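Below are the chains, spelled out letter by letter.
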Amino acid sequence: MDRRLDPFRRRPLENCQKCPNRDEREQNLDRGICNLNKSVFDGLPLRCVGEWANEKIHYLVRYFDIFTTGMHKKWGGNLRYIEICSGPGRCSTRDGYEQDGTALAILNHKAVAYIQSAIFIDNNQESVDALNQRIKKMNVTDKAIAFIGDYKDGDSILSAMNQRPCDGLTLCFVDPTSCDIPFSTIEAISSCTGKVDFIVSFFSNLDFRRNGADAALNPEFEVARLKYETFAGCKGFFERPDVKTAAEHRKHDDLLRLFMHAYRESLSRIGKIAQDTVSIREYYHLLFATGHSRGLDFWKKAKSTDITGQKCLPGLE
Ligand SMILES: C[S@@+](CC[C@H](N)C(=O)[O-])C[C@H]1O[C@@H](n2cnc3c(N)ncnc32)[C@H](O)[C@@H]1O
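Here's a quick rundown of the structure. (Residues numbered from 1 in each chain as written. Predicted model: local features only at pLDDT ≥ 70, side-chain atom pairs only at ≥ 80, totals over all residues. Heavy atoms only, no water.)

## Remarks on the site of the ligand
Logical step 1: Close to the ligand lie 17 residues; K56, T102, D122, D150 and D175 are nearest.
Logical step 2: At 2.9 Å from a nitrogen atom of the ligand is found a main-chain nitrogen or oxygen belonging to C85.
Logical step 3: Contact with the protein chains hides 90% of the accessible area of the ligand, taken as 600 Å² for the molecule alone.
Logical step 4: With respect to the detected pockets, the ligand is housed in the largest pocket.
Logical step 5: Its residues placed into classes, the shell around the ligand shows three nonpolar, eight polar and six charged. (Near = heavy atom within 4 Å. Polar contact = N/O pair within 3.5 Å; in protein donor to acceptor, adjacent residues only side chain to side chain. Areas by Shrake-Rupley, 256 points an atom, 1.4 Å probe, with all protein chains shown as cover. 1 Å grid on protein atoms, 1.4 Å probe; cavity = no way out; pocket = protein on both sides within 12 Å on 5 of 7 lines; lining within 4 Å. Sits in = over half its atoms within 2 Å of the grid points. Nonpolar A, V, L, I, M, F, W, Y, C, P; charged D, E, K, R; others polar.)

## Some details on the side chain of K56
Logical step 1: Secondary-structure assignment places K56 in helix α2 (residues 53–71).
Logical step 2: The exposure class of K56 is buried, given its relative accessible area of 13%.
Logical step 3: Ignoring anything within four residues of it in the chain, the contact list for K56 reads T102, F173, D175, S201, I280, Y284 and L286. (Helix = DSSP H or I, 4+ residues; strand = E, 2+ residues; numbered from the N terminus. Buried < 20%, exposed > 50% of the residue type's maximum accessible area, 1.4 Å probe, protein only. Contact = heavy atoms within 4.5 Å.)

## A short note on the packing of aromatic side chains
The geometry of an aromatic ring pair is captured by the separation of the ring centres together with the interplanar angle, meaning the angle of the planes.
Logical step 1: The tally for this structure, following the rule as stated, stands at 20 aromatic pairs.
Logical step 2: Arranged with centres 4.9 Å apart and planes meeting at 70°, the rings of F208 and Y228 form a pair that is edge-to-face. Pair noted here: F208 is in helix α7 (residues 204–217) and Y228 is in helix α8 (residues 222–232), with a separation of 20 residues, a long-range link. Residues F208 and Y228 agree in their burial class; the two are buried.
Logical step 3: Taken together, F183, F202, F208, Y228, F231, F237, F238, F259 and Y263 form an aromatic cluster joined through their ring pairs.
Logical step 4: Against the face of Y97 rests R10, its NZ or CZ located 4.1 Å from the ring centre. (Phe/Tyr/Trp six-rings, centres within 6.5 Å; stacked < 30°, edge-to-face > 60°. Lys NZ or Arg CZ within 6 Å of the ring centre and 35° of its normal.)

## A look at α2
Logical step 1: Over its 19 residues, α2 extends 27 Å from the first C-alpha to the last, a length consistent with the 27 Å expected when each residue adds 1.5 Å.
Logical step 2: Burial analysis of α2 places 15 of its 19 residues in the buried class, which makes it a mostly covered element. (Expected span 1.5 Å × (residues − 1).)

## Here's the deal with the pairing of strand β12 (residues 274–280)
Regular strands have side chains that alternate between both faces of the sheet.
Logical step 1: Across the seven residues that make up β12, a large majority, six, are buried.
Logical step 2: Bridge count for β12 against strand β13 (residues 284–290) is seven bridges, and the pairing is antiparallel. Note on β13: the bridge partner recorded for T277 is L287. (Pairing = 2+ DSSP bridges.)

## Thoughts on the nonpolar core
Logical step 1: Among the nonpolar cores identified, the biggest contains 91 residues, and Y81, I84, F120 and Y263 are the most heavily contacted of them.
Logical step 2: In terms of residues, this core owes the most to one element, α2, which gives nine residues. (Core = buried A, V, L, I, M, F, W, Y, C linked by side-chain atoms within 4.5 Å.)

## Thoughts on the pattern of salt bridges
Logical step 1: Going through the model one piece at a time under the given rule, you end up with 18 salt bridges.
Logical step 2: A salt bridge links R225 to E239; its shortest N-O distance comes to 2.8 Å. Linking R225 in helix α8 with E239 in the loop between α8 and α9 (241–248), this pair joins segments that are 14 residues apart in sequence.
Logical step 3: Given the relative accessible area of 47%, E239 is considered partly exposed.
Logical step 4: With its nearest N and O atoms 2.9 Å apart, the salt bridge here joins R240 to D242.
Logical step 5: Owing to a relative accessible area of 26%, R240 belongs among the partly exposed residues under this scheme. (Salt bridge = Lys/Arg side-chain N within 4 Å of Asp/Glu carboxyl O.)

## Brief notes about the environment of V112
Logical step 1: Summarising the element assignment, V112 is placed in the loop between α3 (102–107) and β8 (117–122).
Logical step 2: The contact partners of V112, leaving out residues within four places of it in the chain, are F64, I106, L107 and K143.

## Examining helix α6 (residues 183–192)
Logical step 1: All buried positions along α6 are accounted for by F183, T185, I186, A188, I189 and S190.
Logical step 2: Its buried side turned inward, α6 meets β5 (79–84), α5 (154–161), β10 (169–174), β11 (195–202), α8 and α10 (252–269).

## Brief notes about the sheet that holds β11
Logical step 1: Sheet architecture is open: seven strands sit in the order β9-β8-β5-β10-β11-β13-β12, paired in mixed fashion. Two strands in the sheet have a free side with no partner beyond their single neighbour: β9 (144–148) and β12. Direction aside, neighbouring strands of the sheet carry axes that sit 15° apart on average.
Logical step 2: Sheet topology note: the β11/β13 ladder contains five bridges and is antiparallel. Along β13, the bridge assignment pairs F202 with H285. (Axes fitted to C-alpha atoms, helices over the stretch in contact; angles between N-to-C directions.)

Right, here's the structure in full:
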């Protein structure tokens, strides 16, 4: 089918249970992977996702297309894509379909011709094995590979990246499901490679907004407090008077703004001074960060059209 009509190769998944609630879904999942259904395409595992996953893929792939098309000649083809938290490459959706996840959406895009290599990292062996089998079936093992790696252990991420070193330009997509990737890992990725731009799934509303005030005020939330400070690379964040005041008044929006600002300051500290976000419904943000204004121009172009094809006015995304 025409890629424009079916960009993520969506197909009905006849036996999907369409689990009606979280509890039922959890029973049918093993670390996010559906244990009832395999792909009708290739018989390999599927990761169960919410319907908003397409919006994330839309912005990621649009940016990937614009960035690689704009930069491959300038960098003599020395471009690399890295994805931390890649999953198995294909997903089942809660409405009873299967489709490409981010990894296969990238590898199936025509702009993949412009990159030298693609590295996918996940801490789930089943996902890594499935993605490597998919890469093999697609005949792109010369370009792409999946590795096991744990983002809480920066060295394991660096050792995977060093299997395919690159002194050119890297786009690194970081896609965890909560605010728990240590900023030290982002810093390590940034310093071990040539130039790198980041897109980070920032779990503003699904994670921090729920627990931020308690992390600031309630001693029982010590673990969450440490997690958030480690994520944002800002030790002492919860001691700040402005943070405490926002938490005491339960001003969750203000608290979230301060937290995101602290994260963005950490990115600036490592040279990623040009930043911007796009929201994925009311759930979370994709946060883009680069050291160069050209990258930011590409990003603004990528986010200027939403998944329905509507133009988004700046500041109204
Ligand atoms: C949101 S899913 C990624 C989905 C994928 N990017 C996509 O959209 O198709 C998050 C992934 O993070 C992986 N993960 C969780 N904790 C991790 C860790 N500490 N290190 C590396 N990967 C981790 C999970 O196994 C899961 O596949």
